[in-house]
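Structural features, examined
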Amino acid sequence: MDFLKKTLLVVLLMFVLSFGFIGVRFGSALIQEGNPIPYLVSIMKLELSNKGYEQAADTLNETSYVSAEKEYPSVVIDFMKEKDWDYKEQIGSGLVFERSQETITISTRKYSKNYFLWNVPNEVLN
């Protein structure tokens with residue numbers, strides 16, 4: 001009986017510490033995008049992989065990706081280069097790319113101290 005109480009206490013303590021770590025690491029960023037679960041899952045996948053980005057959300061018009069802050073903006077430029085878009089310039093938080101006679105802007109925003117989000121229009125991905 002005493003062993004069961006100790007085990008339950010350890011599990012409960014690990015659970016509280018895990019949520020405390022997430023709260024400290026991401027702070028107010030948790031609720032800025034609405035449901036934080038897809039973003040946190042993507043960040044965990046990103047941390048466990050060698051990729052520079054991970055898809056976080058998908059809508060009819062655009063797909064959101066998450067990357068480590070230290071990769072900004074090279075990961076976006078490399079991603080777009082793979083899609084045959086050439087980097088032109090940065091205007092504010094937007095990265096401007098060109099291909100033939102087309103120009104497109106990839107919006108970026110800080111998600112937390114360590115991660116940023118970027119949105120790619122679905123027309124680029126097709």
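Provided above is the structure to which this section pertains.
Everything in this summary refers to the structure shown in the same document. All values derive from a computational prediction rather than experimental measurement.

**Some details on the overall build of the protein**
- For the protein, the count of helices and strands is 5 helices and 6 strands.
- The helix and strand sequence of the protein, counted from the amino end, reads α-α-α-β-β-α-β-β-β-β-α.
- Counting only residues that meet the buried cut, the protein has 32% of its 126 residues in that class.
- Within the protein, counting contacts between residues at least 6 apart in sequence, those at least 24 apart form 43% of the total.

**Description of the pairing of strand 4 (residues 94-99)**
- Relative to strand 4, strand 3 (residues 86-91) is paired through 5 bridges, and the arrangement is antiparallel. Note on strand 4: the bridge partner recorded for Q90 is L95.
- Counted along the chain from strand 3 to the antiparallel partner strand 4, the turn is 2 residues long, and its residue G92 has a positive phi close to 65°.
- Judged from the 6 bridges that link them, strand 4 and strand 5 (residues 102-110) form a sheet pairing that is antiparallel. Bridge assignment links G94 to a residue of strand 5, and that residue is S107.
- Between the antiparallel neighbours strand 4 and strand 5 lie 2 residues, among them S100 with a positive phi of about 55°.

**Observations concerning the nonpolar core**
- Membership of the largest hydrophobic core comes to 15 residues, with the highest contact counts inside it found for V76, M80, F97, I106, W118 and V120.
- With 5 residues, the single largest contributor to this core is helix 4 (residues 74-82).
- Sequence-distant contacts of F97, defined by excluding residues within four places in its chain, comprise V76, I77, M80, W85, D86, Y87, K88, E102, T103, I104 and I106.

**Some points on the packing of aromatic side chains**
- Across all of its chains, the model carries 9 aromatic pairs by this definition.
- With 5.5 Å between their ring centres and 85° between their planes, Y53 and Y65 make a pair best called edge-to-face. On the criterion of sequence distance, the pair formed by Y53 in strand 1 (residues 53-58) and Y65 in strand 2 (residues 62-68) is long-range, its members being 12 residues apart.
- Judged by centre distance (5.1 Å) and plane angle (75°), the rings of F79 and W118 are edge-to-face.

**Looking at the sheet that holds strand 6 (residues 115-121)**
- Here 6 strands make up an open sheet; going across it, the order is 1-2-6-5-4-3 and the pairing antiparallel. Both outer strands of the open sheet, strand 1 and strand 3, are each paired with one neighbouring strand and no more. Each strand axis lies, on average, 30° off the axis of its neighbour in the sheet, ignoring direction.
- Sheet topology note: the strand 1/strand 2 ladder contains 5 bridges and is antiparallel. Of the residues in strand 2, the one forming a bridge with E54 is V66.
- Strands in contact with helix 3 (residues 37-48) are strand 1, strand 2 and strand 6; relative to strand 1, the strand with the most contacts, it is inclined by about 165°.
- This element, helix 4, spans strand 1, strand 2, strand 3, strand 4, strand 5 and strand 6 of the sheet and lies at about 25° to strand 6.

**Some thoughts on the environment of T59**
- With respect to the secondary-structure elements, T59 resides in the loop between strand 1 and strand 2.
- For T59, a relative accessible area of 47% translates into the label partly exposed.

**As for the environment of E62**
- Relative to the helices and strands, E62 resides in strand 2.
- What makes E62 partly exposed here is its relative accessible area of 31%.
- Sequence-distant contacts of E62, that is, excluding residues within four places in its chain, are made with N119, V120, P121 and N122.
- There is a polar contact of 3.4 Å between the side chain of E62 and the side chain of N119.

What counts and how
Position numbers for residues count from 1 along each chain, tracking the sequence in the order it is written. It should be noted that, the model being predicted, local features are given only for residues of pLDDT at least 70 and side-chain atom pairs only at 80 or more, the latter also being counted only at that level, while totals for whole chains, interfaces and linings use all residues. Only hydrogens and water are removed before side-chain values are computed, so all heavy atoms of the structure are retained for them. Segments assigned H or I by DSSP are reported as helices when at least four residues long, segments assigned E as strands when at least two residues long, and all are numbered from the N terminus. Three labels apply to residues, based on accessible area from a 1.4 Å probe with only protein chains included: buried if under 20% of the type maximum, exposed if over 50%, partly exposed otherwise in between. We call two residues contacting when some pair of their heavy atoms lies within 4.5 Å. Strand pairing is assigned whenever DSSP detects at least two bridges linking the two strands. Only buried residues count toward a nonpolar core, which is a set of Ala, Val, Leu, Ile, Met, Phe, Trp, Tyr and Cys residues joined through side-chain atoms within 4.5 Å. What counts as a ring pair is set by centres within 6.5 Å for rings of Phe, Tyr and Trp (its six-membered ring), and what kind of pair is set by the plane angle: stacked under 30 degrees, edge-to-face over 60, tilted for all other angles. Between N-to-C directions, angles span 0 to 180 degrees; the directions come from axes that are lines fitted to C-alpha atoms, helices contributing only their stretch in contact. Under this definition, polar contacts are N or O atom pairs within 3.5 Å; protein pairs additionally need one hydrogen-donor-capable and one acceptor-capable atom, and for neighbouring residues in sequence, both atoms have to be side-chain atoms.

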